Amino acid sequence: MMMEFDRFDPPPAKFPGNVPAIRVQANADHWFAAAEALHAAHAHFLSLWGADDRDRDNCFRIYGAWLLPDRVVVIENALRDVANPHYASLAPLFPAASRMQRAVYDLLGISTEEPDMRRWLRHDGWPESVFPLRRAFDGNQQYPVTSEPYPFVQVEGDGVHEIPVGPVHAGTIEPGHFRFSVVGEKVLRLEERLGYTHKGVGKRFQAMPQAEGHWLAARLCGDSAVAFSWAWCAALESITDTLCPPRAIALRALALEHERMANHLGDLGALGNDAGFAFGLTQFSRLKEDLLRTGAALFGERYLMNFILPGGVARDLPAHASALLSAQYLKLEESVAGLRSIYDEHAGVQDRFRETGRLDHAPAEQLGALGLVARASGIQCDLRVNMPWPPYDGLQVQPALQTSGDVAARAQVRFDEVFASLRLCRALLADLSAGPVHAAVPIAEPGSMGIGLIEGWRGPVLIVLEAGPEGSIRNCHAHDPSWQNWPLLEYAIIGNLVPDFPLINKSFNLSYSGQDG
Amino acid sequence: MFDVLSRIMRTGILTETPAEDAQNSSAITDLQTDLRSILGRALCIRQVDAGSCNGCELEINALNNPYYNLEGLGIKFVASPRHADLLLVTGPVSVNMEEALKRTYDATPDPKFVVALGDCADCGCVFGRSYASRGGVANLIPVDYTILGCPPEPAAILKGILQVARSKHRAS
Ligand code: SF4
């Protein structure tokens, strides 16, 4: 694998970050060959993004990132034909690349030969000829909305009809559009249309100083505030040679595991509810609320939008934290164990969970599943296990793995991970070293690029940060694993009944805001 | 089954009185009576995420947990704007949600109340106004009341909704 890249000129370079990463400069010929080599090595496709570098060295750039078992590989491709920037599509090898390529076109006008180049992030809010991430574009510019139809794929046949849902949904959830093609109650096809919550964060980052980027990062996806703000800080710290104090690092991990548990508890309750077992919702939502309240008392906030900042964390735990948390963990563990056996033995719940929304190992692998969804389909991928960054390098995280790929498996992974997180939290508290929780962070060298990759509750969240002059941000690419997993929901629903969609959807619980950017 | 029952027994009743009414729990009964006398039913809320990060939604959903027991107060979330008295709008309004928000507003029968929930819904917060974001909700539709916070805590949301419900009562 590495041999392939060693022939490149220049040879691969270390990419600064919290996990081992290399950066490979490929020209147009090597771009696709490199992707093929990664495909042959069963690398997991992680992200795709672009940049307008015409002001610096007169090119556009396209980047791809992959996960190998022990490192991240970033392939970079400088596109010299600036009048018609173009690169070879990765979708034939990595289907998950398709929507990202559409998004790259919408933002930068860099194209590829994909057959499906319908607009993804641009709906009708800015003109077709405008590419907001191009450097000369003024991000504050506003345009009137024009109403443009979106060509959904039509399914034809006897008795087939369409059910359009959204973008505003019946419950309190994020906006997106689902188009079901059904026969009777059976789903033949689901087509998602997302992008409704696109807030232009890429452009927004470019207008912020490095010292403030973590505010925005924490707000990319509210349920993953810790994961994204940590990823952002890890990227900045890696290019400023900042060493976070050990206590701060442990507190970050404690916050991340709390975020994981809170989300899993919420989902387990909602899954019970969608399976007609309201008792589950009552019980789990209570446990989640207890955890959030303790969080508020100790970390200062229920959702940690302002806790992680470059160089460490915003505040230390109060003295009584350890005793309070230990007592709460004990209660939580007992309650979740009890509820797990109730779920496991409840015929109604199991009947709805089992075999529903199945995503088998082979399609999950082929379509590029990441995170929790991948682990429920038997794919062993968890950065805390594969590339443990501090403090996980000292914690021996055990991966949660299920193989049936159905709603039941995604529920079991959540149960297992709640218990695993409890173990990690206890270990973190037991080993908590004294000392400061913050270190000063200098500004980064212009042009330096760093990566932050954190295993959030949904899966790996990525930040790639490139510094500009005088403490500014030249580029910042954020990636949520929902990009990969949304198309898998389309796959998992096929052949299921329409009324099972809320349950299946909840078992994935993907982010809209995180993917829309 | 026994497990379920024993857990329900052990959990007990968790519902708390909203903070502002702590000294006067009859205020809740009054409110319920008020709501019924004005509307003949519960206060119906339609939530619209106009581009939020989902943080505000998490806290709105928390109102349904047993500690807050929203429905017990005579307040419920409904699936269609046509059945709503109040729109609870989150997020900076993304340009991609502008039309859906306006349509939802138009579909809500008069008299209607609009509550902007969260710092983003107030002013766009960290997302500001840009090619993709219109900033605060008031830039698109009239807003009657704003609940600040990022995200606002459930108790603050509840307090805000009660306040609006009362002013609605007074107005009628
Ligand atoms: S106010 Fe805060 S929590 Fe609410 S949508 Fe905005 S960033 Fe998210």
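Cut-offs and rules
- Residues numbered from 1 in each chain as written.
- Chains lettered and ligands numbered in written order.
- Predicted model: local features only at pLDDT ≥ 70, side-chain atom pairs only at ≥ 80, totals over all residues.
- Heavy atoms only, no water.
- Helix = DSSP H or I, 4+ residues; strand = E, 2+ residues; numbered from the N terminus.
- Rg over C-alpha atoms; globule rule 2.2 N^0.38 Å.
- Buried < 20%, exposed > 50% of the residue type's maximum accessible area, 1.4 Å probe, protein only.
- Areas by Shrake-Rupley, 256 points an atom, 1.4 Å probe, with all protein chains shown as cover.
- Lys, Arg positive; Asp, Glu negative; His and termini not counted.
- Charge placed at Lys NZ, Arg CZ, Asp CG, Glu CD.
- Pairing = 2+ DSSP bridges.
- Axes fitted to C-alpha atoms, helices over the stretch in contact; angles between N-to-C directions.
- Disulfide = S-S within 2.5 Å.
- 1 Å grid on protein atoms, 1.4 Å probe; cavity = no way out; pocket = protein on both sides within 12 Å on 5 of 7 lines; lining within 4 Å.
- Points joined across faces, edges and corners; volume = space filled by probe spheres on them.
- Near = heavy atom within 4 Å.
- Nonpolar A, V, L, I, M, F, W, Y, C, P; charged D, E, K, R; others polar.
- pLDDT = per-residue confidence, 0-100.
- Contact = heavy atoms within 4.5 Å.
- Core = buried A, V, L, I, M, F, W, Y, C linked by side-chain atoms within 4.5 Å.
- Right-handed = clockwise from strand over helix to strand, strands pointing away.
- Salt bridge = Lys/Arg side-chain N within 4 Å of Asp/Glu carboxyl O.
- Phe/Tyr/Trp six-rings, centres within 6.5 Å; stacked < 30°, edge-to-face > 60°.
- Lys NZ or Arg CZ within 6 Å of the ring centre and 35° of its normal.
- Parallel < 35°, antiparallel > 145°, perpendicular 65-115°, else oblique.
- Buried area = accessible area lost by both parts, 1.4 Å probe.

Secondary structure summary: chain A contains 18 helices and 15 strands in total. For 517 residues, the compact-globule formula gives about 24 Å, and the C-alpha radius of gyration of chain A, at 23 Å, lands near that figure. Overall, chain A is about 70 × 65 × 50 Å in size when its C-alpha atoms are taken along their principal axes. Expressed as a percentage of the 517 residues in chain A, the buried residues total 63%. For chain A, the computed accessible surface area is about 17900 Å², with 55% contributed by carbon and sulfur atoms. Averaging the locations of the 45 positively and 61 negatively charged side chains of chain A gives two centres separated by 3 Å.

Moving on, we come to the sheet that holds strand S15 (residues 473-479) of chain A. Residues and elements named next belong to chain A. If you walk across this open sheet you meet the three strands as S13-S14-S15, and the pairing is antiparallel. The open sheet has two free edges, formed respectively by strand S13 (449-455) and S15, since each of these has just one partner strand. When the angles between neighbouring strand axes are averaged without regard to direction, this sheet yields 10°. Where S13 meets strand S14 (residues 460-467), seven bridges bridge the pair, whose relative direction is antiparallel. Within S14, the position partnered with Glu455 by the bridge is Pro460.

Bringing the state of the cysteines into the picture now. All chains considered together, the criterion is met by zero disulfides over all chains. Cysteine Cys59 of chain A remains unbridged, with the sulfur of Cys476 of chain A as its closest cysteine sulfur at 19 Å. Judged by its relative accessible area of 0%, Cys59 of chain A is buried. Considering cysteine sulfurs only, Cys120 of chain B is the nearest to Cys125 of chain B, which forms no disulfide, with 4.2 Å between them.

On to empty space enclosed by the protein. All names here are of chain A. Summed over all chains, the structure comprises four cavities of 30 Å³ or more. Estimated volume of the largest cavity: approximately 490 Å³. Every residue lining the largest cavity is counted, 38 residues in all, and those nearest its centre are Leu107, Leu133, Cys476, His477 and Ala478. Put simply, the parts of the chain that give the lining of the largest cavity at least two residues each are strand S3 (44-52), helix H4 (97-108), helix H5 (201-206), S14, S15 and helix H18 (513-516). With six residues, S3 is the single largest residue contributor to the lining of the largest cavity.

Turning our eyes to something else, we now look at the site of the ligand. Taken together, Arg219 and Met305 of chain A together with Ser52, Cys53, Gly55, Cys56, Asp119, Cys120, Gly149, Cys150 and Pro151 of chain B make up the full set of residues near the ligand. In this structure, the ligand sits where chains A and B come together, each supplying nearby residues. Put simply, the parts of the chain that give the shell around the ligand at least two residues each are helix H3 (55-62) and helix H5 (119-123) of chain B. When grouped by side-chain class, the residues that make up the shell around the ligand number six nonpolar, three polar and two charged.

For the rest of this paragraph, the subject is the confidence of the model for chain B. Residues and elements named next belong to chain B. The predicted model of chain B has a mean per-residue pLDDT of 86, with 81% of residues at 70 or higher. Model confidence for chain B, summarised as mean pLDDT per element, is weakest for helix H2 (residues 26-39) at 59 and strongest for H5 at 98. The low-confidence segment residues 19-24, where pLDDT is below 50, has eight contacts with residues more than four positions distant or belonging to other chains. Our summary of model confidence lists the complex with pTM equal to 0.95 and ipTM equal to 0.95.

Looking now at the nonpolar core. Within the largest apolar cluster, 170 residues are counted, with the highest numbers of intra-cluster contacts made by Val72, Ile75, Leu254 and Phe353 of chain A. Here this core gets 12 residues from one element, more than from any other, and that element is helix H8 (residues 246-274) of chain A. When neighbours within four sequence positions are excluded, Ile75 of chain A is seen to be in contact with Phe5, Val24, Ala26, Trp31, Ala34, Leu38, Ile62, Tyr63, Gly64 and Trp66 of chain A. If you look at the next biggest cluster of nonpolar residues, it comprises 23 residues, including Leu70, Leu73, Ile75 and Ile147 of chain B.

Before going further, it helps to examine the pairing of strand S4 (residues 113-117) of chain B. Residues and elements named next belong to chain B. In terms of residue burial, S4 counts as a mostly covered element, since five of its five residues are buried. Residues Phe113, Val115 and Leu117 line one face of S4 and the alternating positions Val114 and Ala116 line the opposite face, and both faces are buried. Pairing geometry for strand S3 (residues 86-90) and S4, over five bridges, is parallel. Across the sheet, Leu88 pairs through a bridge with Val115, a residue of S4. Crossover handedness for the path S3 to helix H4 (residues 95-107) to S4: right-handed.

Residue and element names in this part refer to chain A. A complete count under the given rule lists 43 salt bridges over all chains for this structure. Note that Arg23 and Glu76 form a salt bridge whose closest N and O atoms lie 2.7 Å from each other. In this pair, Arg23 is assigned in strand S2 (residues 21-26) and Glu76 in strand S5 (residues 72-79), connecting sequence segments 53 residues apart. In this structure, Glu289 and Arg293 form a salt bridge, with 2.8 Å as the shortest nitrogen-oxygen distance. You can see Glu289 and its partner Arg293 sitting in helix H9 (residues 278-299), four residues apart, about one turn around the helix. Overall, the relative accessible area of 1% leaves Glu289 in the buried class. Ionic contacts of the salt-bridge type, sharing partners, join the residues Arg23, Asp53, Asp55, Arg56, Asp57, Arg61, Glu76, Arg135, Glu466 and Arg474 into one network.

A separate point is the packing of aromatic side chains. Under the definition given, this model contains 25 aromatic pairs over all chains. Chaining the aromatic ring pairs together yields one cluster made of Phe277, Phe279, Phe284, Tyr343, Phe353 and Phe415 of chain A. Its guanidinium or amino end placed over the ring of Phe127 of chain B, Lys199 of chain A lies 5.2 Å from that ring's centre, counting from NZ or CZ. Positioned above the aromatic ring of Tyr105 of chain B is the side chain of Lys112 of chain B, whose terminal nitrogen or guanidinium carbon lies 4.1 Å from the ring centre.

Residue and element names in this part refer to chain A. Where H4 contacts helix H16 (residues 482-493), the axes come no closer than 9 Å and their chain directions differ by 125°. As the angle between them shows, H4 and H16 are arranged oblique. Counting all contacts with H4, which are made through Arg99, Met100 and Ala103, the residues of H16 involved are Trp483, Gln484, Trp486, Pro487 and Glu490. Classifying every residue of the contact of H4 with H16 gives five nonpolar, one polar and two charged.

The next point concerns the sheet that holds strand S1 (residues 13-14) of chain A. Working definition: the strands of a sheet are paired by backbone hydrogen bonds and lie parallel or antiparallel to each other. All names here are of chain A. The mixed open sheet is built from five strands, whose spatial order is S1-S2-S5-S4-S3. Among the strands making up the open sheet, the edge pair consists of S1 and S3. In the sheet, S3 pairs with strand S4 (residues 60-67) via eight bridges, with the strands oriented antiparallel. Each bridged residue has a counterpart across the sheet, and for His44 the counterpart in S4 is Leu67. This element, helix H2 (residues 28-40), spans S2, S3, S4 and S5 of the sheet and lies at about 160° to S5.

Taken together, the 62 residues of chain A in the interface contact 52 residues of chain B. When the two sides are added together, the surface that chain A and chain B hide from each other amounts to roughly 4500 Å², 55% of it contributed by carbon and sulfur. In terms of surface lost to chain B, no three residues of chain A exceed Gln142, Thr172 and Lys199 of chain A, which account for 15% of the buried area on that side. On the surface where chain A and chain B come into contact, there are one salt bridge.

So, on to the environment of Pro460 of chain A. Residues and elements named next belong to chain A. By the element assignment, Pro460 lies in strand S14. The buried category is assigned to Pro460, whose relative accessible area is 2%. Taking the C-alpha atoms as reference, Pro460 lies 27 Å from Arg134; in sequence the two are 326 residues apart. Sequence-distant contacts of Pro460, defined by excluding residues within four places in its chain, comprise Leu46, Leu370, Gly371, Leu383, Leu453, Ile454, Glu455, His479 and Pro481.

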